[in-house]
Amino acid sequence: MQSPTGSFEPLRDADSALLSRCLVFVVEDEEDIARLISHNLQAAGFEVRSFVNGGSVLSEAVREMPSLFVLDVMLPGADGFELCRQIRQTPLLSVTPIIFLTAKTAEADRVKGLEMGGDDYITKPFSPRELVARVRSILRGARQTPVTPEVLRVDDLEIDSSSMTVQARGRAVLTTVREFRLLEYLATHRGRVFTRDQLLDAVWKEATFVTPRSIDVYIRRLREKIEIDPRHPRYLKTLRGIGYRFEAQK
């Protein structure tokens with residue numbers, strides 16, 4: 001693990017206004033690692049609250065409304081995956097970005113992190129500079145307002161880019177930041193086929209934890225949320241051996 005010493009590139013004025021006073025909740029039971037995370041996030045201009053387990057995280061989060069969570073997976077009591085599940089089931093917190101920061105490096109754990117609703121997955125030992133860059137990237141995506149805010153309506157699906165909300169058949173659908181960006185991108189380019197690599201470049205950019213096959217996990221989760229029958233999707237079509245396409249009913 002890298003030393004906490006080092007400098008961060010100063011934020012541009014627009015970024016500074018966008019990310020100023022953002023509160024990050026860090027849930028990490030190893031004191032030295034928690035101190036390292038907090039030091040680097042605070043040096044980058046974020047406010048930080050640290051927790052050694054998930055016991056009081058939800059109640060404090062509902063009260064303080066953090067902008068992002070950094071969760072270890074191997075925690076005493078309920079693990080980070082379970083805490084993520086609880087966050088996603090809490091209406092006030094359901095779309096708050098979550099970064100897993102963990103020593104669990106297996107592909108199955110990365111996939112599980114995505115399926116539970118994680119927005120990013122960083123393995124230990126980690127680079128503090130990379131962690132800060134990932135936090136900034138996710139918060140920019142979560143807070144960015146489109147140049148021309150609009151509501152995209154396709155049949156019985158409604159995607160509101162300005163509020164980052166989705167409705168399917170008149171019912172509100174909760175999505176994570178990455179899920180929303182993926183759905184929004186496909187829907188605004190409906191009819192066009194994208195490979196997994198193209199979707200990675202468009203939606204994730206520098207997030208190296210996401211592999212082309214991870215796109216399949218996100219598509220499956222979106223189908224479960226917006227499709228009447230996820231096994232026979234109406235909107236998110238698979239082009240075998242190629243990729244995915246958003247298709248409107250004719």
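Residues numbered from 1 in each chain as written. Predicted model: local features only at pLDDT ≥ 70, side-chain atom pairs only at ≥ 80, totals over all residues. Heavy atoms only, no water.

**Section: the sheet that holds strand 11 (residues 236-239)**
Piece 1. What the 3 strands build is an open sheet, ordered 10-12-11; its pairing is antiparallel. Edge positions in the open sheet fall to strand 10 (193-195) and strand 11, since each of these has one partner strand only. On average, each strand axis in the sheet is inclined to that of its neighbour by 30 degrees, with strand direction left out of account.
Piece 2. When strand 10 meets strand 12 (residues 243-246), the two strands line up antiparallel, connected through 3 bridges. Bridge pairing links V193 to R245 in strand 12. (Pairing = 2+ DSSP bridges. Helix = DSSP H or I, 4+ residues; strand = E, 2+ residues; numbered from the N terminus. Axes fitted to C-alpha atoms, helices over the stretch in contact; angles between N-to-C directions.)

**Some words on the confidence of the model for the chain**
Piece 1. When pLDDT is averaged along the chain, the result is 85; 86% of the residues meet or exceed 70.
Piece 2. Averaged pLDDT values for the elements of the chain fall to 52 in helix 1 (residues 13-19) and rise to 97 in strand 1 (residues 23-27).
Piece 3. When the criterion is pLDDT under 50, residues 1-6 qualifies, and its contacts beyond four places in sequence or with other chains add up to 13 contacts.
Piece 4. The model gives residues 145-149 a pLDDT under 50, and that stretch makes 3 contacts with residues more than four places away or in other chains. (pLDDT = per-residue confidence, 0-100. Contact = heavy atoms within 4.5 Å.)

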